[in-house]
Amino acid sequence: MAAPGETALFLDNVLNELQVTDRVFHALKQTMPLVEELVATVRELAGEGRILVVGSNSLLATALHDLGYQIELWHLPGADLTGAMKRFVSRTGDLDALLTPPESAPAFDIIVLPYVLEAASESPALVLSRLRSLLRPGGCVLIASASVGRLLYRLRGLTGRSQLPEAEREQTTVSLSWPALAPQRTVDRWELGRWARRGGFAVEKLAPVMDTNATNPIVAMRLQDWLIANAAYIVRSNFPALRDCLVATLRPLPAGGRDNTPAAGEADLPLVSVVVSAEDRSRSEQVLGDLKQSTYPRSRMEAIFLHPQAGDFGGLAAGDAGLPVRLIPLPLTTGPAAANLGLKHSAGEVVAFTDDRCRIPPPWVESGVAGTAGWTAAVTGEVVAEGSSLHPVLALPGSRGTANGNEYDRLLFPSCNSFYLREGLAGVGGFDESQGAVWGWDSDAAYRLEASGFATSFENTIFLSREFPVPAGLGWVREEYRRAQQIPMGIRRMPALRRTLLKQRVFLTSATRSFDLTLAGLALVLLRRRPAYLLLALPWGKSAARVVDLWPPAAWPRSLGNLGMLTARQLVWLAGLAVGSAKARQMVL
Amino acid sequence: MVFPYPAYWPYVRRGAERCIHDLSTYLARRGHDVHIVTSTPGRPRTAYEEGVKITYLRQLSHPLLYAYAPLIRLTDFSISATRVLISERADAAHLWTYSGINWAPILRPLIGLPYLLHFMMVHHDLPWRLDRQLFEQYVRKADRVAALTEWGAGRVTQEYGVPCDVLSPPVDMEIFRPVAEREREHPIVLFTADLADERKGGTLLLRAWNKVHANRPDARLVLAGPFGLAGFHQGHFTHTMLGRFRLVRDPAAREAIELRGPGDVDTLPTWYSQASVTVLPSFDEAFGIVLTESLACGTPVVSSAQAGPGEIVASDEIGATVDLGSYWDLQSVNRADELADAILYALDLSERPGTRKACREWASRWSLDRIGPLEEQMLEQIVDGYAGQSRFSMRPRIDGS
């Protein structure tokens, strides 16, 4: 690895030795920080190897060559390149032609794309997935893109002007440094991350870069313009988010992604294995019937029923044409062990998980397959509760035992409505069986996939309905206490969920926060003898108002009952969370 | 021998810079100590190339400078270069009218530095009376004055009343020679002059290209010039040919234009050799080095019939000319039509057997082997003449007294 400043000094030497005109010299000098970042990153990634640069400038190509790398350049017409570097040009053409390379064996350790991705006509994800095949094992892609957050773009937006002005698009004739490519889109760090994941990469490093100087020394400026440019430079220097360019290092995701290109015909569609956790024969027949009505071709589906050993499920597989059905008898049909067995028996590229309490709409499989394109390895959607279901008094994550459609449940991947890329899921070891069927066992796999670089998502198009049974008598107390107790451990296992779900990593939701504040207020009233602390109960009062009718008086008994039930549930949850927090050493209230 | 000049290779590669390179290299080969004092946009340094010492001084560039007082860059160079000249104590200096050492008449007796003054342009922009007076002294106190052509020498003598020799820019026939086959399938019309300099006639060429392409749709126009002098050509993208490609109305004709950039010195002979014709439709051109380079590579040329190019392209065996005498000629539709006809003629000429040989033979009159000795002789005469007439000098005598 190069010492700090060594790369800058090296580049300065390279620039001073370059056989370029003075105008090109100044243009290259302005690009020094970006080239320095790219060269420094290349040196960190590999001490030697073969590097492809698409649309290079003379400084970058010469520097990489002088450092001993084998370089190959894909050159764009009109871009300035010294004669010494032109001999490394292997392909020349317009950008879209270059970004559709002929099929070849993986040949490069690093591919560098300076200002290329935003100018490609095709989807950046598609471009990346194509270039991925050119990378040798352990290789990576370096991307430099003009950041949408750059100060200039923000000011243009504030003044009502387009961030990609037409005038700039027309100025594509001459280039003294990087090829003059007309940007087709803007780039932000999140979008870059999404493109990367869809193209089969994870963003390993992201660095904002800015120009060497506030102004180009050879471009004449009036005093006021010069002062403005320098003020803007100071602002950019101090706020990295406003800098001009983003440099991203993309590392290929492990194998297991799905081809991004649209299927040409039915035979090109991925095979989907639908794993159904079954308990009841008649409900299972209903699920099978739903699957037969699917808009997805039956020839590209299979159904795997995990059914109890005791039941008679044999008839499910009989007399069906077109949709293969397999039956796997198990002592316990839910939980991670059963799901892993389903995964093991599935032959599909995509594996869907559901259960026999669900009703599956016809587009469900088709939507799930669409959602798992590229390197999106896990998708889920909304689970709509059927009318006969348990009414959730508390809108808490998993308060029904599975997703119930509130905002928190977008973060969970319930076992009744999830799609996975089989190879990706198998690559992270499937579902974790060590904890048993505890809260979050089904979501845990998706978060592990995300941690290994795959994308996961919630898609509105993937929905189904489900019946949530009402526990008899006071059975809900035991059931919800158990679940609340498991949540802290689940949250501890899934740091990504913890970061998103918790309010300051203490409260589970706004509902638990308001109830806890109420309790704290009551405690303070008792301790300090000051009724003003009751004001802390106002947020909870507001949330409780939805179960209380103040008029007519005849409704009061029912309202009191509701309030009591709500309080009881919250107490159960508080107790469960408190005990679970102590066990998991993870404070969740 | 010292050659002070604000710009030099690789940063500027045409005109005086090319001349300085070829002449200084020749003198070094002849055993002289040659020192080029110039400036760089990068780090100040000293380099040695082909036996020539090159001192790159710091170049002053700033956005405010170019907006309000661009000539300060030249003054800054003058001061820095003068320091080098004082410490150098060379036998003689080869100065150009834009070398920036306008106080050479004072330096000459003070440090004992006789100089050859070489006129590099037809007109010199001297807006102030003081400038003009200094320049007159610069010319009159020179030990020798030279112009690039006979026509230019006549003008100098007429204007300043001093005798003026002719010292044309040389062309190195060893470097510039036919090194590649001519491109037959898609004949190349090559333009290697500065794309950002309006005087070079780029816009006229674009107008003419409509007709050329209509008659020879197989031909390609290759623009292989630099993009202007850094700092001094500010509006190069909008006010020059670079911003006026829409003058070529037919999209197919526009498609047939290739913007290649200035390339390298090493690649130029190949580009000239592959081309069918090199075009320089400029006015007020003191010489036209691209024409002699192209001819040396065996490629016919098209240029103005006036000034320097008119003297070079004096035979229809090696090219054709158009009467271009002023800026308005570059805007004229009729001249564009004539230029197109001249290019079409030259394209035909390039296909005739014997053209390559004729062009090369024609260029040999400006070969380095012929011009180099003239330069050497002039400088030696200056040194000898100065030694004979010098009465006051801070310079030590050869015997050390």
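Residues numbered from 1 in each chain as written. Chains lettered and ligands numbered in written order. Predicted model: local features only at pLDDT ≥ 70, side-chain atom pairs only at ≥ 80, totals over all residues.

1. As for the confidence of the model for chain B
Residues and elements named next belong to chain B. Inclusion rule: Each residue gets a pLDDT score, which is the predictor's confidence in that residue and runs from 0 to 100. What counts as a contact is two residues whose backbone-derived C-beta atoms lie within 7 Å of each other.
Residues at a pLDDT of 70 or more form 95% of chain B, whose mean pLDDT is 87. In the model, residues 391-401 has pLDDT below 50 throughout and makes 9 contacts with residues more than four positions away in sequence or in other chains. Overall fold confidence (pTM) sits at 0.75, and the ipTM for the predicted complex is 0.87.

2. Quick notes on the packing of helix 17 (residues 475-493) of chain A against helix 21 (residues 556-584) of chain A
To describe two helices that pack against each other, one gives the angle between their axes and the distance between the axes. All names here are of chain A. Quick reminder of the rule: Here the axes come from fitting lines to C-alpha atoms, over the contacting stretch only for helices, and the angles between their N-to-C directions go from 0 to 180 degrees. Helix and strand labels come from DSSP, where a helix needs a run of H or I of at least four residues and a strand needs a run of E of at least two; each type is numbered from the N terminus. Note on terminology: angles under 35 degrees are roughly parallel, angles over 145 are roughly antiparallel, angles of 65 to 115 are roughly perpendicular, and the others are oblique. Should the near helix be turned counterclockwise from the far one by less than a right angle, the crossing is left-handed, whereas a clockwise turn marks it as right-handed.
Interhelical geometry of helix 17 versus helix 21 gives an angle of 40° and a closest axis separation of 7 Å. Between helix 17 and helix 21, the crossing angle belongs to the class labelled oblique. Remark: the crossing between helix 17 and helix 21 carries right-handed chirality. Across from Val 477, Glu 480, Tyr 481, Ala 484, Gln 485, Gln 486, Ile 487, Pro 488, Met 489 and Arg 492 in helix 17, the residues of helix 21 making contact are Arg 569, Val 572, Trp 573, Ala 575, Gly 576, Leu 577, Val 579, Gly 580, Ser 581, Lys 583 and Ala 584.

3. Quick look at the sheet that holds strand 4 (residues 108-114) of chain A
Residue and element names in this part refer to chain A. The test is simple: Each pair of strands is called paired provided DSSP finds at least two bridges between the two strands.
Read from one edge of the open sheet, 7 strands run 3-2-1-4-5-7-6, paired in mixed fashion. Both outer strands of the open sheet, strand 3 (89-92) and strand 6 (201-209), are each paired with one neighbouring strand and no more. Between one strand and the next, the sheet's axes are offset by a mean angle of 15°, whatever the strand orientation. Two elements, strand 5 (residues 135-146) and strand 7 (residues 245-252), share 6 bridges in a ladder whose sense is antiparallel. Within strand 7, the position partnered with Ala 144 by the bridge is Val 247. Packed on one face of the sheet, helix 4 (residues 58-66) meets strand 1 (50-54) and strand 2 (70-75) and runs near 160° to strand 2. Sheet contacts for helix 7 (residues 124-132): strand 4, strand 5, strand 6 and strand 7; angle to strand 5, the most-contacted strand, approximately 150°.

4. Side note on the interface of chain B and chain A
Rules: Residue type decides the class: Asp, Glu, Lys and Arg count as charged, Ala, Val, Leu, Ile, Met, Phe, Trp, Tyr, Cys and Pro as nonpolar, and the leftover types, Gly among them, as polar.
Contact residues are listed per partner, giving 30 residues for chain B and 27 residues for chain A. In terms of residue count, helix 2 (residues 63-68) of chain B provides more of the side of chain B that touches chain A than any other element does, 4 residues in total. Each residue belonging to the side of chain B that touches chain A can be placed in one class, and the counts come to 16 nonpolar, 9 polar and 5 charged.

5. With respect to the pairing of strand 7 (residues 144-147) of chain B
Along a regular strand, successive side chains alternate from one face of the sheet to the other. Residues and elements named next belong to chain B. Selection criterion: Buried residues are those with 20 or more other C-beta atoms within 10 Å of their own C-beta, exposed residues have 12 or fewer, and partly exposed residues lie in between; C-beta atoms are placed from the backbone. Consider the strands pointing away from the viewer: the crossover is right-handed when the path from the first strand over the helix to the second runs clockwise.
Side chains Arg 144 and Ala 146 of strand 7 all project onto a buried face; the interleaved residues Val 145 and Ala 147 project onto the opposite face, where all are buried too. Taken together, the 3 bridges between strand 6 (residues 115-118) and strand 7 define a ladder with parallel strand orientation. Across the sheet, the residue bridging to Leu 116 is Arg 144, located in strand 7. With helix 5 (residues 129-140) bridging strand 6 and the parallel strand 7, this β-α-β connection has right-handed handedness.

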